[in-house]
Amino acid sequence: MRFNDLVSGAILIVVAVIVIILTLRFPEFPGQNYGPAVFPRLLAGLLILCGLVMVIRGFTAWRAGEPLAVVPSWARDPANIVSALLVILAALAYIFLLDTVGFVPLTLVVLLVLFLWFKVRVPVAVVTALVAAFGINWFFASMMRVPLPRGLMDWIL
Amino acid sequence: MTDFTRRHLMVTAAGVGLASQLAAPAIAQTFPVRPITLVVPWGAGGGTDATARIVGSLMEKEFGQPVNVVNRTGGSGVVGHSAIATGAADGYTIGMITVEITMMHWQGLTQLNPDSYTPLALMNEDPPGVQVSASSPYKDLKALADAIKANPGRLKASGTGQGGIWHLALVGWLGAMGLPASAVPWVPSNGAAPAMQDLAAGGIDIVTCSVPEAKAMLDAGRAKSLAIMAAARNPQFADVPTLKEAIGVDYTVGAWRGIAAPKNLPAPIAERYTSVLKKINESKEFRDFMAARGFGVKWADAAGFAKFMADGNASMGVAMKAAGLARSA
Amino acid sequence: MTVDILLQAFALVFRWDVILIIIASGLFGMFVGAMPGLTATMATALLIPVTFFMDPVPALGAIVTATAMAIFAGDIPAAMLRMPGTPASAAYTDESYLMGRKGQLDLNLGTNLVTSVLGGLIGVAILVLAAPALAEFALAFSSFEYFWLAALGLTCAVFLATNDPLKGFASLFLGLGLGTIGIDPAAGFPRFTFGTVELMQGVSFIPAMIGMFAISELLRGVTSMQGSGEVVLQQVGNVFKGVGGVLRRYWVNFLRGSGIGVVIGALPGAGADIAAWVSYAVSKRFSKEPQKFGTGHVEGIVDAGAANNSAIAAAWIPALVFGIPGDSITAIVIGVLYMKGMNPGPTVFLQNPQLIYAVFMIFVLANLLMLPLGWAIIKSAKQVLRVPKNILLPMILIFCVVGSYAMTNSVYGIIIMLVLGIFAFMLEENGFPIAPVILGLVLGEMFEQNFITSMIKSDGSFLAFFARPIAGILGVATIAIWLIMLWRMGPWSKARPAAV
């Protein structure tokens, strides 16, 4: 979504106001005028200023006929939206499943799904996913000792 | 594939063992069957990291399994301490907990306290020194103490963040001299190294941090250590007197590091750890390493460590309330 | 005596096992640096357990070589994919990428390589010759000076904002705002954490960088992939062609960039990333043709490419002399120095001079080795990037995940990466530049902490910010720059430049 500055500016203002409301609960710094709330409030104030100017600018453009939001060209093709969602879903899969499933099995699945969606030929996809999952795990977990979760691997290897 | 069967069987055996109290000693005999994770709540390259790595490497030799040191940093130590407390109590996640565990919950940063763990062993304790710049007009602690009494609030001190251990050390020392915490305002810093730099640059007057942390600046002749808040002198810095020797104030405090596991670790595994850690604590490699860094070696077994933390926790509570640093969660 | 020490150092370095470790860690550094998602700091952190069991010289040699290579190699994916391999390349990623689009990929990579090598060598030369004197200068910096330094750094954002200064400022404030999440640097109060433990560690910078550059670019990549999506790659020919001419034309830029790199690198807490931002901004400010910046112009790359590599060696100055880290890499190096019994401090030159000189030799060696290794990696990067996009992009995603995970040792790093990746994608879609967000994230804590601690020290008096000589000069300079910029941006200025 590509928004008119009227919308972007309004979002900035809303975010800044929420920040200011949150800082109301911050404690004072004992014996100091400048506590934890000062810097966030200053930033929020500056953001509101930027937001206001953008709203005015966007309003003028809107009156001149610019729409409030445009769907960018890439988003008109549903396949592209699925591609973007798949990348996000892949990262989400790591966030929620990495500790239980483990790095190697999860990487195999994620790579296979992505490869197949992007129309990589099946044999190439399978071989690349296998080599990548085990290779990366060998290098980072075994050689460099990054504590990549083993998950299901505890029962296999 | 032989590896597959062997490991599989052993893991299964361990699982069955956990389920049955009768088979418990069997776990201790086979433990560990896979790599151990040693969580460190502080960053790579620091003192806690170094201590954990030497303990980890010696443990690796004892156990014959890899011990992976994993830094879980941030949140003034809350992140790492909570990672240790919430780990699986199967002996494969342990961690190095530090003095902050007796402090953070008073500040309202976390609910975690010493009771959230199975204590295994206390390995180290370092007392803070009172450091001033080499160009400071105060040649000894008495002159510094007199200056603080004469002009409360004028001299500024640093060494760690607000409410950190070295801040408490300053407040405790001032309290022992009968002065309020406001006599020397605290300038929060991002650790001891930036504080020592600020001291050398003339931005602050006093740094309370451990002597090993100040060592590079002391060696460079940029700072001098006037006293340490310990019962006895540090053999590495034999010419630095104790508080009691310098001004007759009997106040000691220290930052300590120990090994602990998540709560409810099966007793046989805990005992195995404590005996291995005792061997490490007494080993020449560990002693030499700690001496080279100027770190103090201290030992307490599981029960002793638990009592040590309980005592420290109570006195920290008193000190932090007195300093106005305590907050409810 | 000195010759004797040099000979001893020589004997320590020129052993087949040490040389092998150097070459291996050089390749490791090149790989890590060239892979979006893996960074130089990560390379150092990963080397710790490996170096734990090595002798001091190979251990430090491995770190020196890997980081030098990684900082250069970060330029390669920046130019080819618009994803900086390391944060130190972020300042001129767009410029490099646009040069590639204009068909000047060879010239860009060649310039990056040669300025990296030469800048690195200048950094080493100064480390060897002037370490004590420069450490002295850096040591005079207290929170007042650091406050002004951070303020000066933030003004760079203005030069970075392209055609819409307003959105540039909004981006900067958003970045600074993201930096306030977590334990606040003054009172130790957890801000905007909503009661979660993980958010108390704040927005970790490196996963954030990976997300904002690599993930957002990845999203753009997969949404523009038609069919099998072959990569449109410029031919990599002779990377050294034309570099001599660039250097002859911009030798002043090269020296200035190296100089800025050394000074900023030597300042505790700054480092190669900030050195690159500042030198790029300075280059644009003093250029005869500032309008060409941001269109794929080589000038700023000469400055910044030299600056980030000279900063690496310079960061060792305060680390070696005072045990104070110059950047996130030397913070880890100090631990290794202690571990190897080479306690940092001026005595390090007295107790084990042969070890220190051996490390210096490795520094020189590493920078010389960068030339052939860098050439080889540029050549093979072309092969790697010829891999069809539909295989390459999912692989980069996996590396981003691993890199983010390794920085926090938990999935929290992946969360930061994903959230900020989507955030950056939305920002760019709506015309907000990304670079100021990163700058705000880097400098926010330094700015706030030094402001608050300075106010505590001065008992609330603003005059103290000008009371110390260096602070006074920096302060007046910063305010003067702001005033001039405001004057130029005002409606009364006739010659308002298109890109402020």
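Quick caveat, the model's predicted, so the values are computed rather than measured.

Attention shifts here to the overall build of chain C. When you go through chain C residue by residue, the secondary structure sums to 22 helices and 2 strands. Computed over C-alpha atoms, the radius of gyration of chain C comes to 22 Å, within 12% of the 23 Å expected from 2.2 N^0.38 for 500 residues, which places it in the range of a compact globule. Structurally, chain C occupies a C-alpha span of about 65 × 65 × 55 Å along its principal axes. Relative to its full complement of 500 residues, chain C shows a buried share of 68%.

Below, the discussion takes up the interface of chain B and chain C. Counting from both sides, the interface comprises 43 residues of chain B and, opposite them, 48 residues of chain C. With both chains or domains summed, chain B and chain C bury close to 3500 Å², and 59% of this area falls on carbon and sulfur atoms. Its largest share of buried area at the contact with chain C, chain B owes to Arg53, Pro188 and Gln197 of chain B, together 15% of the area lost on that side. Put simply, chain B and chain C have 3 salt bridges between them. Here chain B and chain C share 10 residue pairs in polar contact (both at pLDDT 80 or more) between them. Looking at the side of chain B that touches chain C, the elements that each hand over two or more residues are helix 3 (47-63), strand 2 (67-71), helix 4 (78-85), helix 7 (192-200), helix 8 (211-219) and helix 11 (284-293) of chain B. In terms of residues, the side of chain B that touches chain C owes the most to one element, helix 8 of chain B, which gives 5 residues. By residue class, the composition of the side of chain B that touches chain C is 20 nonpolar, 14 polar and 9 charged.

What follows concerns the pattern of salt bridges. Summed over all chains, the structure comprises 29 salt bridges over all chains. Arg34 of chain B is the partner of Asp90 of chain B in a salt bridge, and the nearest nitrogen-oxygen pair spans 3.4 Å. Taken together, the residues span a long stretch of sequence, with Asp90 of chain B in the loop between helix 4 and strand 3 (93-98) and Arg34 of chain B in the loop between helix 2 (24-30) and strand 1 (36-40) at a distance of 56 residues. Here Asp90 of chain B falls in the buried class, since its relative accessible area comes to 19%. Put simply, Asp459 of chain C and Lys156 of chain B hold a salt bridge, and the shortest N to O gap is 3.4 Å. Remark: Lys156 of chain B occurs in the loop between helix 5 (141-150) and strand 6 (157-158) and Asp459 of chain C occurs in the loop between helix 21 (435-457) and helix 22 (469-489); the pair is interchain, linking two chains. Sharing partners across several salt bridges, the network here consists of Arg82, Asp94, Glu217, Arg220 and Glu428 of chain C.

Tallying the contact residues gives 62 residues for chain C and 61 residues for chain A. Buried surface at the junction of chain C and chain A, both sides included, amounts to about 5400 Å², of which 81% is carbon and sulfur. Between Lys167 of chain C and Asp5 of chain A there is a salt bridge, with its nearest N and O atoms 2.9 Å apart. Mapped onto the side of chain C that touches chain A, the elements with two or more residues apiece are helix 2 (16-34), helix 3 (40-51), helix 9 (165-179), helix 10 (205-223), helix 19 (389-408), helix 20 (412-429) and helix 21 of chain C. Tallying contributions element by element places helix 19 of chain C first for the side of chain C that touches chain A, with 11 residues. Broken down by class, the residue content of the side of chain C that touches chain A amounts to 47 nonpolar, 9 polar and 6 charged.

Right, let's talk about helix 4 of chain B for a bit. Among the 8 residues in helix 4 of chain B, 8 count as buried, and that is most of the element. Among all positions of helix 4 of chain B, only Val78, Val79, Gly80, His81, Ser82, Ala83, Ile84 and Ala85 of chain B are buried.

Moving on, we get to the pairing of strand 7 (residues 206-210) of chain B. Residues and elements named next belong to chain B. Extensive coverage of strand 7 is indicated by the burial of 5 of its 5 residues. By the bridge criterion, 5 bridges tie strand 5 (residues 128-133) to strand 7 in an arrangement that is antiparallel. Its bridge partner lying in strand 7, Gln131 is registered against Val207. Two elements, strand 6 and strand 7, share 2 bridges in a ladder whose sense is parallel. Across the sheet, residue Ser158 finds its bridge partner in strand 7, namely Val207.

All names here are of chain C. In the contact formed by helix 6 (residues 93-101) and helix 7 (residues 105-139), the axes pass within 7 Å of each other and the chain directions differ by 140°. Contacts from Ser96, Met99 and Gly100 in helix 6 reach Leu105, Leu107, Asn108 and Asn112 in helix 7. Of the residues belonging to the contact of helix 6 with helix 7, the class tally is 3 nonpolar, 4 polar and no charged.

Here we come to the domain arrangement of chain B. In many reports, interface size means the accessible area that the parts give up when they come together. All names here are of chain B. Assigned domains within chain B: domain 1 (34-122 + 255-322) and domain 2 (128-247). In this structure, domain 1 and domain 2 have C-alpha centres spaced 27 Å apart. Across the boundary between the two partners, domain 1 contributes 12 residues, which contact 9 residues of domain 2. Across the domain 1/domain 2 interface, buried area totals approximately 840 Å², and carbon plus sulfur atoms make up 67% of it. When the buried area of domain 1 at its contact with domain 2 is split by residue, Met103, Ala255 and Gly294 rank highest and sum to 40% of it. Viewed at the interface, domain 2 and domain 1 are joined by 0 salt bridges.

Throughout the structure, instances matching the rule amount to 33 aromatic pairs over all chains. Both rings, one in Trp74 of chain A and one in Phe425 of chain C, keep their centres 5.7 Å apart while their planes meet at 65°; by these two values the pair is edge-to-face. In this pair, Trp74 of chain A is assigned in the loop between strand 2 (69-70) and helix 3 (78-101) and Phe425 of chain C in helix 20, connecting two distinct chains. Side by side, Trp74 of chain A and Phe425 of chain C carry an identical accessibility label, which is buried. For the ring pair Trp256 of chain B and Phe305 of chain B, a centre distance of 5.5 Å and an interplane angle of 90° mean the geometry is edge-to-face. In this pair, Trp256 of chain B sits in strand 9 (residues 255-262) while Phe305 of chain B sits in helix 12 (residues 302-322), placing the two residues 49 residues apart along the sequence. Ring pairing ties together the aromatic residues Phe39 of chain A together with Phe144, Phe147, Trp148, Phe447, Phe451, Phe462, Phe465 and Phe466 of chain C, which thus form one cluster. Against the face of Phe432 of chain C rests Lys167 of chain C, its NZ or CZ located 5.2 Å from the ring centre. Note that Arg285 of chain C overlies the ring of Phe286 of chain C, its terminal NZ or CZ placed 5.8 Å from the centroid.

Bringing the sheet that holds strand 5 of chain B into the picture now. Spatially, 6-7-5-8 (chain B) is the arrangement adopted by the 4 strands of the open sheet, whose pairing is mixed. Strands with a single pairing partner mark the edges of an open sheet, and in this sheet they are strand 6 and strand 8 (223-228) of chain B.

Thresholds, definitions, all that
Residues numbered from 1 in each chain as written. Chains lettered and ligands numbered in written order. Predicted model: local features only at pLDDT ≥ 70, side-chain atom pairs only at ≥ 80, totals over all residues. Heavy atoms only, no water. Helix = DSSP H or I, 4+ residues; strand = E, 2+ residues; numbered from the N terminus. Rg over C-alpha atoms; globule rule 2.2 N^0.38 Å. Buried < 20%, exposed > 50% of the residue type's maximum accessible area, 1.4 Å probe, protein only. Contact = heavy atoms within 4.5 Å. Buried area = accessible area lost by both parts, 1.4 Å probe. Salt bridge = Lys/Arg side-chain N within 4 Å of Asp/Glu carboxyl O. Polar contact = N/O pair within 3.5 Å; in protein donor to acceptor, adjacent residues only side chain to side chain. Nonpolar A, V, L, I, M, F, W, Y, C, P; charged D, E, K, R; others polar. Pairing = 2+ DSSP bridges. Axes fitted to C-alpha atoms, helices over the stretch in contact; angles between N-to-C directions. Domains from an automatic or database assignment. Phe/Tyr/Trp six-rings, centres within 6.5 Å; stacked < 30°, edge-to-face > 60°. Lys NZ or Arg CZ within 6 Å of the ring centre and 35° of its normal.

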